[in-house]
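# Remarks on the overall topology
So the chains spell out like this:
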Amino acid sequence: QVQLDESGGGLVQAGGSLRLSCAASGRTSSDYYMGWFRQAPGEEREFVAAIGRSGAVRYYADSVKGRFTISRGNAKNTVYLQIHSLKPEDTAVYYCAADPTRFGGRNTDDYAYWGQGTQITVSS
């Protein structure tokens, strides 16, 4: 089992950048396929990005391609989400997720483990 802890959210102006971190404990995140999701107020949780165990293969939602980058840390127990050119519509709680067997899942059911989330608020 793995515990996930997100950090790095905050209040930022449109056009700004943030880097979210997801620290895994219990087991290393390289044992898992990892993903980021987000949930805006009143909306369903939606897929943002996914990364394989080695970090070589990555998938993104069409809405974030070119602005978001998912990566793994050198120690393999941290996953990052670098976000550039933030827009007000990126405002949401961002969640880190992990699964031991399914890679690239775009549905919440594809992930067995979840963090508590970190809030990003983008002001216009």
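Residues numbered from 1 in each chain as written. Predicted model: local features only at pLDDT ≥ 70, side-chain atom pairs only at ≥ 80, totals over all residues. Heavy atoms only, no water.

### Describing the overall build of the chain
When its secondary structure is counted, the chain shows 0 helices and 11 strands. Moving toward the C terminus, one meets the helices and strands of the chain in the order β-β-β-β-β-β-β-β-β-β-β. In terms of overall size, the chain behaves like a compact globule, its C-alpha atoms giving a radius of gyration of 13 Å where 124 residues would be expected to give roughly 14 Å. Dimensions along the principal axes, computed over C-alpha positions, put the chain at roughly 40 × 30 × 25 Å. For the chain, the residues scored as buried account for 46% of the 124 residues in total. Put simply, 59% of the contacts in the chain that link residues at least 6 apart link residues at least 24 apart. Split by element, the accessible area of the chain, about 6,200 Å² in all, is 43% carbon and sulfur. The centroid of the 13 positive side-chain charges in the chain is displaced by 8 Å from the centroid of its 12 negative side-chain charges. (Helix = DSSP H or I, 4+ residues; strand = E, 2+ residues; numbered from the N terminus. Rg over C-alpha atoms; globule rule 2.2 N^0.38 Å. Buried < 20%, exposed > 50% of the residue type's maximum accessible area, 1.4 Å probe, protein only. Contact = heavy atoms within 4.5 Å. Areas by Shrake-Rupley, 256 points an atom, 1.4 Å probe, with all protein chains shown as cover. Lys, Arg positive; Asp, Glu negative; His and termini not counted. Charge placed at Lys NZ, Arg CZ, Asp CG, Glu CD.)

### Focus on the nonpolar core
By size, the foremost hydrophobic cluster in this structure holds 33 residues, and its most contacted members are Met34, Trp36, Leu81 and Tyr94. Of all the secondary-structure elements, those providing two or more residues to this core are β3 (18-25), β4 (33-39), β5 (46-51), β7 (68-72), β8 (78-83), β9 (92-99) and β11 (118-123). (Core = buried A, V, L, I, M, F, W, Y, C linked by side-chain atoms within 4.5 Å.)

### Section: the packing of aromatic side chains
In the structure shown here, the tally under the stated rule is 8 aromatic pairs. Ring geometry for Tyr95 versus Trp114: centroids 6.5 Å apart, planes at 80°, classification edge-to-face. Within this pair, whereas Tyr95 is found in strand β9, its partner Trp114 is found in strand β10 (residues 113-114), the two being separated by 19 residues in sequence. Judged by its relative accessible area of 12%, Tyr95 is buried. Trp114 sits in the partly exposed class, given a relative accessible area of 24%. For the ring pair Tyr111 and Trp114, a centre distance of 6.1 Å and an interplane angle of 70° mean the geometry is edge-to-face. Among the aromatic residues, those joined into a ring-pair cluster are Phe37, Phe47, Tyr95, Tyr111 and Trp114. Its end group placed over the ring of Trp114, Arg45 keeps NZ or CZ at 5.0 Å from the ring centre. (Phe/Tyr/Trp six-rings, centres within 6.5 Å; stacked < 30°, edge-to-face > 60°. Lys NZ or Arg CZ within 6 Å of the ring centre and 35° of its normal.)

### Things to note about the side chain of Asp90
Note on placement: Asp90 falls in the loop between β8 and β9. Among the residues examined, Asp90 registers a relative accessible area of 0% and is labelled buried. Looking at Asp90, its side chain comes within polar contact range of the main-chain nitrogen of Lys87, at 2.8 Å. Beyond its immediate sequence surroundings of up to four residues, Asp90 is in contact with Arg38, Arg67, Phe68, Ser85, Ile120 and Val122. (Polar contact = N/O pair within 3.5 Å; in protein donor to acceptor, adjacent residues only side chain to side chain.)

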